[in-house]
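A structural walkthrough
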Amino acid sequence: FFFFNDTATTEIYTEQIVGSVRCVQETGICMSGVVFNIINEVPFTGMSKQGEVQWIATGGRMQYGAEGYIMSFTIASVGLLFLGIKLFAKGEKTTFKRIVYAALTIMIWTVIIFVENTYRRKSHYNPHFFPPAHYVKGPLMRDQGTTV
């Protein structure tokens, strides 16, 4: 590639932060299903029986174009929020940084709950962020399914 000949531009592409942001962007583009939407002419939105615009399809075997963009944005935003936590980890720990850590953690948790609720509405699988109430808590050896 012609743009990798200069060492200044090569350093930009090898920076950790730039590389991480590029990976998150490319993952978001791939997850959104842009090519699938173009090939199959998927509608961007749909209409409910009440005549309201639907951004997220109700069935597990159907998806609107907007849904792919929304879900890939939310999942990619979790990656960027984790990157934000990593950036704020440098330097001394101040009260402001602790507030930012808490805010970023709450934002990550909120986005994960949104994604989880969307999948729960669409599928019979119903993943949960929290273990079920009957799940045995404690050390790893008491963990259900992983002990031998």
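Here, the structure is the one placed above.
Worth saying up front: this structure is predicted, and the values here are computed from it rather than measured. (Residues numbered from 1 in each chain as written. Predicted model: local features only at pLDDT ≥ 70, side-chain atom pairs only at ≥ 80, totals over all residues. Heavy atoms only, no water.)

Within the protein, the regular secondary structure consists of 5 helices and 2 strands. Secondary structure elements of the protein, listed N to C terminal, follow the sequence α-α-α-β-β-α-α. Looking at the protein as a whole, 25% of its 148 residues qualify as buried. In the protein, the share of contacts with a sequence separation of at least 24, taken over all contacts with a separation of at least 6, comes to 40%. Working note: accessible area of the protein is about 11200 Å², and carbon and sulfur atoms make up 67% of it. (Helix = DSSP H or I, 4+ residues; strand = E, 2+ residues; numbered from the N terminus. Buried < 20%, exposed > 50% of the residue type's maximum accessible area, 1.4 Å probe, protein only. Contact = heavy atoms within 4.5 Å. Areas by Shrake-Rupley, 256 points an atom, 1.4 Å probe, with all protein chains shown as cover.)

With that out of the way, let us pick up unusual backbone geometry. At Glu41, a position not held by glycine, the phi torsion is positive, near 50 degrees. Along the polypeptide, Glu41 turns up in the loop between helix H3 (34–40) and strand S1 (46–47).

Attention now moves to the packing of helix H2 (residues 16–32) against helix H4 (residues 65–88). One way to put it is that H2 packs onto H4 with a least axis distance of 8 Å and a crossing angle of 165 degrees. Classified by the angle between their axes, H2 and H4 sit roughly antiparallel to one another. As for the relative orientation of H2 and H4, their crossing is right-handed in sense. Contact with H2, carried on its side by Gln16, Ile17, Ser20, Val21, Val24, Gly28, Met31 and Ser32, involves Gly68, Tyr69, Ser72, Ile75, Ala76, Gly79, Leu80, Leu83, Lys86 and Leu87 of H4 and no other residues of that element. Per-class residue counts for the contact of H2 with H4 are 10 nonpolar, 7 polar and 1 charged. (Axes fitted to C-alpha atoms, helices over the stretch in contact; angles between N-to-C directions. Parallel < 35°, antiparallel > 145°, perpendicular 65-115°, else oblique. Left-handed = near helix turned anticlockwise from the far one by under 90°. Nonpolar A, V, L, I, M, F, W, Y, C, P; charged D, E, K, R; others polar.)

Val78, Leu81, Val100, Leu104, Ile108 and Val111 together form the largest nonpolar core, which totals 6 residues. Secondary structure elements with two or more residues in this core: H4 and helix H5 (95–122). Per-element tally for this core: the top contributor is H5, with 4 residues. With near-sequence residues (within four places) excluded, Val78 lies in contact with Ile108, Val111 and Ile112. (Core = buried A, V, L, I, M, F, W, Y, C linked by side-chain atoms within 4.5 Å.)

Turning our eyes to something else, we now look at H5. With 28 residues, H5 extends 41 Å between its outermost C-alpha atoms, agreeing within 8% with the 40 Å of an ideal straight helix rising 1.5 Å per residue. Listing the buried residues of H5 in full gives Lys97, Val100, Tyr101, Leu104, Ile108, Val111, Ile113, Val115, Glu116, Thr118 and Lys122. Where H5 is buried, its residues contact H4. (Expected span 1.5 Å × (residues − 1).)

Our focus in this paragraph is the packing of H4 against H5. Axis separation between H4 and H5 bottoms out at 10 Å; the angle between their running directions is 155 degrees. The orientation of H4 with respect to H5, classified from their angle, is roughly antiparallel. Considering how the two elements wind past one another, H4 and H5 form a crossing that is left-handed. A per-class count over the contact of H4 with H5 returns 19 nonpolar, 5 polar and 3 charged.

Together, Phe44, Met47, Val53, Trp55 and Tyr69 give the surface a local cluster of nonpolar side chains, amounting to about 550 Å² of exposed area. On the secondary structure map, Trp55 appears in the loop between strand S2 (53–54) and H4. A residue is classified by how much of its surface remains accessible, and Trp55, at 46% relative accessible area, is partly exposed. (Patch = residues over 30% accessible without salt bridge, like charges linked within 9 Å, V, L, I, M, F, W, Y side chains within 5 Å. Salt bridge = Lys/Arg side-chain N within 4 Å of Asp/Glu carboxyl O.)

What follows is about the environment of Arg121. Tracing the backbone through its elements, the reader meets Arg121 in helix H5. Overall, Arg121 belongs to the exposed group, its relative accessible area being 57%. As for Arg121 and Thr58, which are separated by 63 residues in sequence, their C-alpha atoms are 7.0 Å apart. Not counting residues within four places of it along the chain, the set of residues in contact with Arg121 comprises Ile56 and Thr58.

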